[in-house]
Each structure stands twice: as C-alpha cells, then as structure tokens.
Amino acid sequence: MSTNPATPAKPSMRDSLVAAAFELFLERGYEQTTIDDIVRTAGVGRRSFFRYFPSKEDVVFPDHEQSLADMTAFLAASADSDDPLVRVCEATRLVMRMYAENPTFSVQRYRLTREVTGLRTYELSVVWRYEKTLGDYLRTRYADRRDGTLRANVVAAAVVAAHNHTLRHWLRSGGEGDPLAEVDRALAFVRETLSPDAAPAGGGGAEQEADDVVVVITKRSTPMWRVVREVEASLGED
C-alpha cells in the first residue's frame, strides 16, 4: 500500500485567475496590468477570464457575489420569531467571516483599494448592495410599525457602519487579531443602542408626561446632529 501523501487539489481556474491577477497587481501595479497580462500569466484564454469576471475590477472582489448570495439566503430563511436586529447582525457576521478566511488576500486587497480610486468606488458600490439587502429585509419585518422604513434604514446603516469600522481596523493592523470577536463586540453595541424594544419616537405610555412632547421647527437642510441637540436642550438634557 502506498504511503505517499495525497496530491494537493489543483486550484480552480477562477482561483488561478485571481492569484495571477494579484501577483501582477503587486508586481506592476493595478493600472499597468491588463486582462491579457492576467490570462497569459494564468495560462488561459481571454474567454476563460470573462466566463468568471465581467471586468478587471471584478477579479479584485471575487468573493463578494457569493457572500451577498449567502447573506440574502440567510435572511430569507429567517423565522417570524427571529429578532430582526439580531438576524441582520448575524448576517453581517457572515461577511466578516469571508474576510477572515483569507487574511493575506484581504489585506492585499485593502491596500490595493487604498491606492486605486476606481477600486475604492467599486468597493463602495459593493457596500451599498450589502446595506440595501439588509434594509430590504428589515423594511419587510418592520412593515407594521409607524416608523418601519426609518427604523429599517437606520438599523441597516448602523450595522454596516459597525462592521466596516471593525473591518478597517483589522485590515490596517495587517490582519492581526480576531476580527470575528471584534465585530461581535461592535454589533453588540448596535443591538444595545438600537434595541427593537425601545419606544418609538413620539410614542406614549401611561407613565409619559404630557410635557415630554417637543416640537422642533427647523430647515430641511439642518444636520441631524443639530436637530438632536435642539431636542436634548428642550428636554433639559444638555
């Protein structure tokens, strides 16, 4: 019986294209690397490249489509009894896990996107798609609330902001530490701050005093932080 170790699995063509692309990006620079350069290094034809990636930008973000699909499926499988806020936090954690599975690649991509404006713009569009997916789910779950749309938009934005804050800190450190533990702490902060059990703005209760109602007249263009400050001042919470 042979005792030779099993031969390592050959990388898929998709993985080979990504590896070739980043090898060239790091060696020559993103702008100086063409799709022809990538396929030549990977040893495949142009048709093979476009079978997997619509553009050169897409090869920099090869895992986001699957990650977005995983998030969408996770949210779709939510039960009516699930807390929507907890569910979106868990869905966002799936994205961090994707980054954490390959720290070297994640750090390389982060550094590349800092250098190339076009990639940064592309990345922002990806972030927007994640936020929209969370918002769409939350708008459905909060549909019976008077403030449902506002709450959905605020929660989705806050969850994404907490995730991205943790992710950037981890990437700037060169991928050191445990990003999943850090994002759990950040998302716990969001849950504590935006608890679904909190009374909606303008809501009343038996214990609420009549003079707790505050009307603020302001211009539409006034920043939200200034409106909040005016409300707090009216309530004597300066």
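Analysis parameters
Residues numbered from 1 in each chain as written. Predicted model: local features only at pLDDT ≥ 70, side-chain atom pairs only at ≥ 80, totals over all residues. Heavy atoms only, no water. Buried < 20%, exposed > 50% of the residue type's maximum accessible area, 1.4 Å probe, protein only. Helix = DSSP H or I, 4+ residues; strand = E, 2+ residues; numbered from the N terminus. Contact = heavy atoms within 4.5 Å. Axes fitted to C-alpha atoms, helices over the stretch in contact; angles between N-to-C directions. Parallel < 35°, antiparallel > 145°, perpendicular 65-115°, else oblique. Nonpolar A, V, L, I, M, F, W, Y, C, P; charged D, E, K, R; others polar. Expected span 1.5 Å × (residues − 1). Phe/Tyr/Trp six-rings, centres within 6.5 Å; stacked < 30°, edge-to-face > 60°. Lys NZ or Arg CZ within 6 Å of the ring centre and 35° of its normal.

Caption draft 1: Region of the structure containing helix α2 (residues 35-42). Considered for burial, the residues of α2 that qualify are Ile35, Asp37, Ile38 and Val39. Lining the buried residues of α2 we find α1 (13-28), α3 (46-52) and α4 (56-60). Positive backbone phi, at 75 degrees, marks Gly43, one or two positions downstream of α2.

Caption draft 2: Highlighting the packing of helix α6 (residues 84-100) against helix α7 (residues 103-115). Contact geometry for α6 and α7: axes closest at 7 Å, N-to-C directions at 100 degrees. With respect to their mutual orientation, α6 and α7 come out roughly perpendicular. Taken together, the residues of α7 that come into contact with α6 (itself represented by Met98, Tyr99 and Ala100) are Pro103, Ser106 and Arg109. Residues belonging to the contact of α6 with α7 are distributed by class as follows: 4 nonpolar, 1 polar and 1 charged.

Caption draft 3: Molecular detail of α7. Between its first and last C-alpha, α7 extends 19 Å over 13 residues, near the 18 Å set by a 1.5 Å rise per residue. If you check which residues of α7 are buried, you get Phe105, Ser106, Val107, Arg109, Tyr110, Leu112 and Thr113. Of the surrounding elements, those touching the buried residues of α7 are α1, α4, α5 (64-76), α6, α8 (117-141) and α9 (148-172).

Caption draft 4: Spatial organisation of the packing of aromatic side chains. For the coordinates displayed, the defined rule picks out 7 aromatic pairs. For the pair Phe22 and Phe25, a centre-to-centre distance of 5.6 Å together with 65 degrees between the ring planes defines the contact as edge-to-face. Pair noted here: Phe22 and Phe25 are both in helix α1, with a separation of 3 residues, about one helical turn. For Phe22, a relative accessible area of 4% translates into the label buried. Phe25 gets classed as buried once you look at its relative accessible area, which sits at 4%. Between Phe61 and Tyr122, the aromatic rings sit 4.9 Å apart at their centres with planes inclined by 15 degrees, giving stacked as the arrangement. Here Tyr122 lies in helix α8 and Phe61 lies in the loop between α4 and α5, a separation of 61 residues in the sequence. An aromatic cluster is built from Phe22, Phe25, Tyr30 and Phe105, whose rings are joined through pairwise contacts. For Lys56, the ring lying beneath its charged end belongs to Tyr30, and the centroid distance is 4.1 Å.

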